[in-house]
Amino acid sequence: MGQPVREYLLTLCVTAAVTYLLTGPVRKFAIAVGAMPAIRARDVHREPTPRLGGIAMFGGLCAGLLVADHLDGLNAVFSQSNEPRALLSGAALIWLIGVLDDKFEIDALIKLGGQMIAAGVMVMQGLTILWLPIPGIGSVSLTSWQGTLLTVALVVITINAVNFVDGLDGLAAGMVCIASAAFFMYAYRLWYGYGIEAAAPATLFAAILMGMCVGFLPHNMHPARIFMGDSGSMLIGLVLAAGAISITGQVDPDAMKLNFGGTRDATHAMLPVFIPLLMPLTIIAIPMADLVLAIVRRTWNGQSPFAADRGHLHHRLLEIGHSHSRAVLIMYFWSALIAFGAVAYSVHSASMWIVLMVVALSAVGLVLLLLPRFSPRAPRWAERFVPPRYRRTKPEPEAEHAPASDEQDDEVRGERPAVVAGVSGVNGATAIGPRSRFPDRRKTGASR
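Residues numbered from 1 in each chain as written. Predicted model: local features only at pLDDT ≥ 70, side-chain atom pairs only at ≥ 80, totals over all residues. Heavy atoms only, no water.

## A word on the overall build of the chain
Selection criterion: Think of it this way: any DSSP run of H or I at least four residues long counts as a helix, any run of E at least two long counts as a strand, and we number them from the N terminus. The buried label goes to any residue with under 20% of its type's maximum accessible area, the exposed label to any with over 50%, and the partly exposed label to all in between, with areas taken from a 1.4 Å probe on protein chains only. Contact criterion: two residues are considered in contact whenever any of their non-hydrogen atoms come within 4.5 Å of each other. Computed with the Shrake-Rupley method and a 1.4 Å probe, the accessible areas treat only the protein chains shown as cover for residues.
Helix and strand content of the chain: 18 helices and four strands. Of all 448 residues assigned to the chain, the portion counted as buried reaches 49%. Partitioning the contacts of the chain with sequence separation of at least 6, the portion at a separation of at least 24 is 74%. Carbon together with sulfur atoms contributes 65% to the accessible area of the chain, which is approximately 20700 Å² in total.

So, in structure tokens, the structure goes:
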């Protein structure tokens, strides 16, 4: 068991290192070419920040696949399966579309068409859903058209779910990293633990995806120095979908019955993926819920489903009163709870302790969500040790009637300082020159 883990760890580390080292030069390149749009009403960041982080992530993907191809324990994935090449072809196409969108803001329908073409390219090279395990019926083989349509739908849904959740610094990369870690555990258990070779490509994809996210996160955590943009969010969404398609649509349930010792054990083990769409939807349950709610909300209001607004889950957390960092951590918590809870349940589906643990952690998550609704006050003897908002002592009269500065007046009126786009002279993380003011974004609508 040690040898494959070391090789996966090496692949992950190389992918993370290449992504991390490329992100700095990519940031300078994005600034030089002007891939740094002005602040929009729906944005939550205050200063223009370069995009095109997906360039570094794509470099990490290529490096990870190259290293894995030269490792003794992993090169069999490339010789026995065409799925890594299919992934690289689809990823290159979706990445190119994302780069063009980050620079030129292409139409949403064009991006949707590009996503479908990228999924079709993967299908043509063999990365597709071949059958569905239906409870009570068994394995149902799909025709080529049925498999193609289901594969394209899963890829498009996953890409847009990840793209929709990319609205706060570090949110999309962190949530996908959590999802890929949970998926790696499940896929590795099927491949190495039970000898199902068809699960090997999905295991490799999950390890590389973790490396891409881990390498990019240090540059993307709040305050972000660079955004992944559509070139990054669509890329990691496609890699996540490719792993889900590989393991849920190509692993033969009959082989699982043989390796797990019987139909009942195989059913328990495959419970989270008994319908192939269930496991990927479970792994990215939070982004998927955000996607569905956004489509329903916009359609109900008579808007296009592609029209951006400020109604996403992360925006609601900010409106409740959470800080930027706390909102991101809460989204991490719920993603990890659902993803790892599903994996744990697939291992011991008959254990009541797993259900109780998930329920208890869900209660903790609800308390975290409602924290801003409470106004706790520390005892007087402890006031000096807590932040001012938790103290009972009232401010001095002079401080109450002190004249407010222009910047404080802006905060009272709901205005925030912003930066004029297109000003040369970049210093620091995201400082781009002189600032101006614009009205409260909450009166307009939408995500990054």
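## What to know about the nonpolar core
As a rule of thumb, soluble globular proteins bury nonpolar side chains together. Threshold: Only buried residues count toward a nonpolar core, which is a set of Ala, Val, Leu, Ile, Met, Phe, Trp, Tyr and Cys residues joined through side-chain atoms within 4.5 Å.
Counting residues in hydrophobic clusters, the biggest one holds 92 residues, and the most contacted among them are Leu 61, Leu 204, Leu 235 and Leu 238. A per-element tally of this core places helix H7 (residues 171–193) first, with 17 residues. Formed by five residues, the second largest nonpolar core is a distinct cluster that contains Phe 164, Met 288, Leu 291 and Ala 294.

## As for the pattern of salt bridges
Inclusion rule: Any Lys or Arg side-chain nitrogen located within 4 Å of an Asp or Glu carboxyl oxygen qualifies as a salt bridge.
Throughout the structure, instances matching the rule amount to three salt bridges. Here Glu 105 and Arg 51 are joined by a salt bridge, their closest N and O atoms 3.3 Å apart. Remark: Arg 51 occurs in the loop between helix H1 (2–33) and helix H2 (53–69) and Glu 105 occurs in the loop between helix H4 (83–104) and helix H5 (108–124); sequence separation between them is 54 residues. Glu 105 sits in the partly exposed class, given a relative accessible area of 44%.

## Section: the environment of Leu 190
Note that Leu 190 resides in helix H7. Looking at Leu 190, the relative accessible area reads 1%, which means it is buried. It is 8.5 Å that separates the C-alpha atoms of Leu 190 and Ala 200, two residues lying ten residues apart in sequence.

## Regarding the packing of aromatic side chains
Definition in use: We call Phe, Tyr and Trp rings a pair once their centres come within 6.5 Å, taking the six-membered ring for Trp, and we label the pair stacked below 30 degrees between planes, edge-to-face above 60, and tilted otherwise.
Counted under the stated rule, the structure contains seven aromatic pairs. Where Tyr 8 meets Phe 184, the ring centres are 5.4 Å apart and the plane angle is 80 degrees; that geometry is what we call edge-to-face. Placement of Tyr 8 in helix H1 and of Phe 184 in helix H7 is noted, with a sequence separation of 176 residues between them. Owing to a relative accessible area of 2%, Tyr 8 belongs among the buried residues under this scheme.

## Re helix H8 (residues 200–220)
Stated formally: Expected helix span is given by 1.5 Å per residue-to-residue step, counting one fewer step than there are residues.
A rise of 1.5 Å per residue sets the reference length of H8, with its 21 residues, at 30 Å; its end C-alpha atoms lie 30 Å apart and thus fit the reference within 8%. Counting buried residues in H8 gives 19 out of 21 residues, a clear majority hidden from the surface.

## Quick word on the environment of Asp 107
Note the following rule: In protein, a polar contact means a hydrogen-donor-capable atom and an acceptor-capable atom, both N or O and within 3.5 Å, with residues adjacent in sequence counting only if both atoms are side-chain atoms; elsewhere, any N or O pair within 3.5 Å suffices.
Among the secondary structure elements, Asp 107 is positioned in the loop between H4 and H5. By relative accessible area, which is 42% here, Asp 107 ends up partly exposed. Looking at Asp 107, its side chain comes within polar contact range of the main-chain nitrogen of Leu 109, at 2.9 Å.

## A word on the packing of H2 against H8
The following threshold applies: Only the stretch in contact is used when fitting a helix axis, every axis being a line fitted to C-alpha atoms; angles between N-to-C directions are given from 0 to 180 degrees. Working rule for angles: under 35 degrees goes down as roughly parallel, over 145 as roughly antiparallel, 65 to 115 as roughly perpendicular, anything else as oblique. Helix crossings get a hand from a simple test, with the near helix turned counterclockwise from the far one by less than a right angle marking a left-handed crossing and a clockwise turn marking a right-handed one.
It is the contact of H2 with H8, at a shortest axis distance of 9 Å, that shows an interaxial angle of 140 degrees. Taken together, H2 and H8 sit at an angle that is classed as oblique. For the element pair H2 and H8, the recorded crossing hand is right-handed. Of the residues in H8, those in contact with Gly 53, Met 57, Gly 60, Leu 61, Gly 64, Leu 65 and Ala 68 of H2 are Leu 204, Ile 208, Met 212 and Phe 216.

## Considerations on unusual backbone geometry
Going from His 222 to Pro 223, the amide bond is cis rather than trans, its omega being -5 degrees. Inspection of the secondary structure puts Pro 223 in the loop between H8 and helix H9 (229–250). For Leu 52, which is not glycine, the phi dihedral falls at a positive 65 degrees. Following the sequence through the fold, Leu 52 ends up in the loop between H1 and H2.

## Notes on the confidence of the model for the chain
The test is simple: Values of pLDDT, ranging from 0 to 100, describe the predictor's confidence in every residue of the model.
For the chain, per-residue confidence averages 76 on the pLDDT scale, and residues scoring 70 or more make up 67% of the total. Taking the mean pLDDT of every element in the chain, the minimum, 39, falls on strand E4 (residues 435–438) and the maximum, 96, on H2. The model gives residues 398–447 a pLDDT under 50, and that stretch makes 94 contacts with residues more than four places away or in other chains.

## With respect to the side chain of Ser 233
Inspection of the secondary structure assignment puts Ser 233 in helix H9. Ser 233 sits in the buried class, given a relative accessible area of 0%. Here Asn 163 takes part through its side chain, which lies 3.0 Å from a polar atom of the side chain of Ser 233. If sequence neighbours within four positions are ignored, Ser 233 has contacts with Val 162, Asn 163, Asp 166 and Met 228.

## Re a nonpolar patch on the surface
Here is the rule: Only residues whose relative accessible area exceeds 30% and that form no salt bridge enter a patch; like-charged residues are grouped when within 9 Å of one another, and nonpolar side chains (Val, Leu, Ile, Met, Phe, Trp, Tyr) when within 5 Å.
Together, Tyr 345, Met 352, Trp 353, Val 355, Leu 356 and Val 359 make up a nonpolar patch on the protein surface, roughly 650 Å² of accessible area in all. Top contributing element to the nonpolar patch by residue count: helix H16 (residues 352–369), with five residues. Within the secondary structure layout, Met 352 lies in helix H16.

## Some points on the environment of Pro 201
Looking at where Pro 201 falls in the secondary structure, it is placed in helix H8. Look at Pro 201 and you get buried, because its relative accessible area is 4%. For the pair Pro 201 and Gly 243, spaced 42 residues apart in sequence, the C-alpha to C-alpha distance is 7.3 Å. Leave out the neighbours within four places in its chain, and Pro 201 touches Val 77, Ser 81, Glu 83 and Ser 246.

## Quick look at the side chain of Ser 335
On the secondary structure map, Ser 335 appears in helix H15 (residues 324–347). A polar contact of 2.9 Å, which involves the side chain of Ser 335, links it to the backbone oxygen of Met 331. Those residues in contact with Ser 335, other than ones at most four positions away along the chain, are Met 175, Ile 178 and Ile 286.

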